[in-house]
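These are the residues of each chain, in order.
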Amino acid sequence: MTQTVLITGCSSGIGRETAKLFQQQGWNVVATMRSPEQEQELNQLQNVTCLKLDVCDGDSIQQAVDQALELFGAVDVLVNNAGYGLIGAFETLSREQIERQFQTNVFGLMELTRALLPHFRQRNSGTIINIASFAGRSTVPLYSVYHASKWAVEGFSDSLAFELSSFNIRVKIIEPGTIRTEFWGRSTDRENQTGVDVYTDYSNKVLGFIDGTAAKISSQPQAVAKAILAAATDGRKKLRYVVGHDARFTLTVRKLLPDFLYNNAIAMVFHRRLG
Ligand code: NAP
């Protein structure tokens, strides 16, 4: 039987590469995106159906799930990938910006999971793959709200894995390091909406350093797609899949060092750069 995967955020980056990889492996792919009418590549591929799904819109979530089930009869794997980064000093970010970040990265992911769970339970089978980040288990300055959203995805997924195991539903967490995608361009919100300007100099220096480092060390989105395929098919109970040498290094150091030493090390990295 051909298996079916439903993926969010397929208009670019990790979602797009994942859709292509699953298609190449012979899966039915429900490639969802906010603007499927603009899609030109995925909808030309055999067994790929592009559907509209905005994770901030409950109706579009339910419609996409209903359409996918009608078209393919079943969904075997859900990939919660859609997301973006709200970056900046916490005090410069508005309540609306923070709510939108959580609506997209956390509540949307929960909502779509909820929409597919009855189907997975009925079949006594299913895999939920949540794209978190190494930023879901480590921290740097100026990413507080993005970190909070990804730490939320990690905690949610960890706990969910326990309660769904008796229904034979697997939960997997993907933790990419820095990946060369639109995340570093149009998928970042860096707008100072509060007018607080005391952080400007600090922000320019820190974000300049982070952006410069990311550009040098980032991995390709295809590497994340491969990890997602492994999580969907390896039959293992393994929960976390780390992608990229930067993520592997950071999370290993994070695990080995006590909190105070790890935080001192991160603080030193940034203070040295700030002069
Ligand atoms: P990307 O190329 O910018 O892709 C983000 C995707 O999310 C786009 O397709 C975007 O769609 C979609 N999206 C945003 N808001 C949405 C909404 N409300 N409903 C549906 N789709 C929405 O960046 P990416 O790197 O592939 O990001 C994918 C995931 O990986 C994100 O969850 C991100 O946090 C995570 N991640 C990225 C990195 C990295 O360094 N790139 C590292 C770790 C984790 P539109 O085209 O409609 O905007």
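All chains use their own residue numbering, which begins from 1 and follows the written sequence. Where totals are concerned, whole chains, interfaces and linings use all residues; where local detail is concerned, this predicted model gives features only for residues with pLDDT of at least 70, and gives and counts side-chain atom pairs only at 80 or more. Calculation of side-chain values draws on the structure's entire complement of heavy atoms; hydrogens and water are dropped beforehand.

1. With respect to the layout of surface pockets
Rules: Within this scheme a cavity is a closed region of a 1 Å grid, computed over the protein atoms alone, that accommodates a 1.4 Å probe without allowing it to escape, whereas a pocket is open but has protein on both sides within 12 Å along at least five of seven lines; lining residues each have an atom within 4 Å of a point. Grid points are joined across faces, edges and corners, and a volume is the space filled by probe spheres set on the points. Secondary structure elements are defined from DSSP: runs of H or I of at least 4 residues count as helices, runs of E of at least 2 residues count as strands, and each element is numbered from the N terminus. Residues are sorted three ways: Asp, Glu, Lys and Arg are charged, Ala, Val, Leu, Ile, Met, Phe, Trp, Tyr, Cys and Pro are nonpolar, and all the rest, Gly among them, are polar.
The volume enclosed by the second largest pocket comes to roughly 260 Å³. Taken together, Asp 158, Ala 161, Phe 162, Ser 165, Asn 168, Ile 169, Arg 170, Val 171, Arg 236, Lys 237 and Leu 239 form the lining of the second largest pocket. Listing elements by their share of the lining of the second largest pocket, those giving two or more residues are helix 4 (144–164) and strand 7 (169–176). The residue makeup of the lining of the second largest pocket, split by class, is five nonpolar, two polar and four charged.

2. Description of the side chain of Ser 138
The line we're drawing: Classification of residues uses two cut-offs on accessible area relative to the type maximum, computed with a 1.4 Å probe and protein chains only: under 20% is buried, over 50% is exposed, and between them is partly exposed. In the analysis that follows, any N or O atom pair within 3.5 Å is treated as a polar contact, provided that within protein one partner can donate a hydrogen and the other can accept it, and provided that, for residues neighboring in sequence, both atoms belong to side chains. In this description, contact between two residues means that some pair of their heavy atoms is separated by no more than 4.5 Å.
Locating Ser 138 in the fold gives a position in the loop between strand 6 (126–131) and helix 4. For Ser 138, a relative accessible area of 6% translates into the label buried. Engagement of the side chain of Ser 138 in a polar contact is seen with the backbone oxygen of Phe 134, the distance being 2.7 Å. Among all residues touching Ser 138, those that are not within four sequence positions of it are His 147, Trp 151, Thr 250, Leu 251, Arg 254 and Tyr 262.

3. As for the pattern of salt bridges
This is how it is decided: Salt bridge criterion: a side-chain nitrogen from Lys or Arg within 4 Å of a carboxyl oxygen from Asp or Glu.
All told, the structure shown has 15 salt bridges when counted by the stated rule. For Glu 41, the salt bridge goes to Lys 20, with nearest N and O atoms at 3.2 Å. Within this pair, whereas Glu 41 is found in the loop between strand 2 (28–33) and strand 3 (48–52), its partner Lys 20 is found in helix 1 (residues 13–24), the two being separated by 21 residues in sequence. Glu 41 gets classed as partly exposed once you look at its relative accessible area, which sits at 33%. Among the residues examined, Lys 20 registers a relative accessible area of 18% and is labelled buried. The salt bridge involving Arg 137 is made with Glu 175; its shortest N-O contact spans 2.7 Å.

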